[in-house]
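# Observations on chain architecture
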Amino acid sequence: MSNDERICGRIMRLPTFDGQVPDAGPVHLVSDVGEEYLLVANDSGMPGRVEDLAARSAERYEPYLDQDKCVRGDVFGTVIWRAAIAEEN
């Protein structure tokens, strides 16, 4: 796990298998190099399925949908835990 890493890219909901973008659910950061990260506001020690934790965190990131932003947090695989929008871009 990388603590307090900063990754820049587009905040978005990923299209489903049929190409439709959902109106609700987890929010992702697609980095400038094309990597996809699930945004979760909680610490990695929080119990529960990561997809459910991300969905409950979504409203925190919704104001930034379809915007290019930098996100700070603890990166573990394709999840950014304690994800917070970095004010400086």
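The model shown is predicted, which means the values in this text are computed figures rather than measured ones. (Residues numbered from 1 in each chain as written. Predicted model: local features only at pLDDT ≥ 70, side-chain atom pairs only at ≥ 80, totals over all residues. Heavy atoms only, no water.)

The number of helices and strands found in the protein chain is one helix and five strands. Each helix and strand of the protein chain, ordered N terminal to C terminal, gives the series β-β-β-α-β-β. Principal-axis analysis of the C-alpha atoms places the extent of the protein chain at approximately 35 × 30 × 20 Å. Here the protein chain holds 89 residues, and the buried ones make up 35% of them. In the protein chain, the proportion of contacts linking residues at least 24 apart, taken out of those at least 6 apart, comes to 51%. A total of about 5,300 Å² of accessible surface is found on the protein chain, and carbon and sulfur atoms cover 48% of it. The average position of the 9 basic charges and that of the 17 acidic charges among the side chains of the protein chain differ by 4 Å. (Helix = DSSP H or I, 4+ residues; strand = E, 2+ residues; numbered from the N terminus. Buried < 20%, exposed > 50% of the residue type's maximum accessible area, 1.4 Å probe, protein only. Contact = heavy atoms within 4.5 Å. Areas by Shrake-Rupley, 256 points an atom, 1.4 Å probe, with all protein chains shown as cover. Lys, Arg positive; Asp, Glu negative; His and termini not counted. Charge placed at Lys NZ, Arg CZ, Asp CG, Glu CD.)

Despite not being glycine, D66 shows a phi value in the positive range, around 65°. Position of D66 among the secondary structure elements: in the loop between helix 1 (50-61) and strand 4 (68-76). The exposure class assigned to D66 is exposed, which follows from its relative accessible area of 56%. A positive phi is found at R82, a non-glycine position, where the angle reads about 55°. For R82, the position within the fold is in strand 5 (residues 79-86). Assessed through its relative accessible area of 39%, R82 is described here as partly exposed.

Right, let's get into the nonpolar core. Among the nonpolar cores identified, the biggest contains 13 residues, and I11, L29, L39, V71 and I80 are the most heavily contacted of them. Of all the elements in the fold, those that place two or more residues in this core are strand 1 (2-12), strand 3 (36-39), helix 1, strand 4 and strand 5. In terms of residue count, strand 5 provides more of this core than any other element does, three residues in total. Dropping the residues within four chain positions of it, L39 is found in contact with I11, V27, H28, L29, A54, S57, Y61, V71, I80 and A83. Counting six residues, the second-largest nonpolar core is a separate cluster that includes L38, V40, V79 and W81. (Core = buried A, V, L, I, M, F, W, Y, C linked by side-chain atoms within 4.5 Å.)

Let's shift gears to the state of the cysteines. Any covalent bond linking the sulfur atoms of two cysteines counts as a disulfide. Considering all chains together, one arrives at one disulfide under this definition. Put simply, C8 and C70 are joined by a disulfide, and their sulfur atoms are 1.9 Å apart. Residues C8 and C70 share a disulfide whose torsion about the S-S bond is about 90°; that sign makes it right-handed. Taken together, the residues span a long stretch of sequence, with C8 in strand 1 and C70 in strand 4 at a distance of 62 residues. (Disulfide = S-S within 2.5 Å.)

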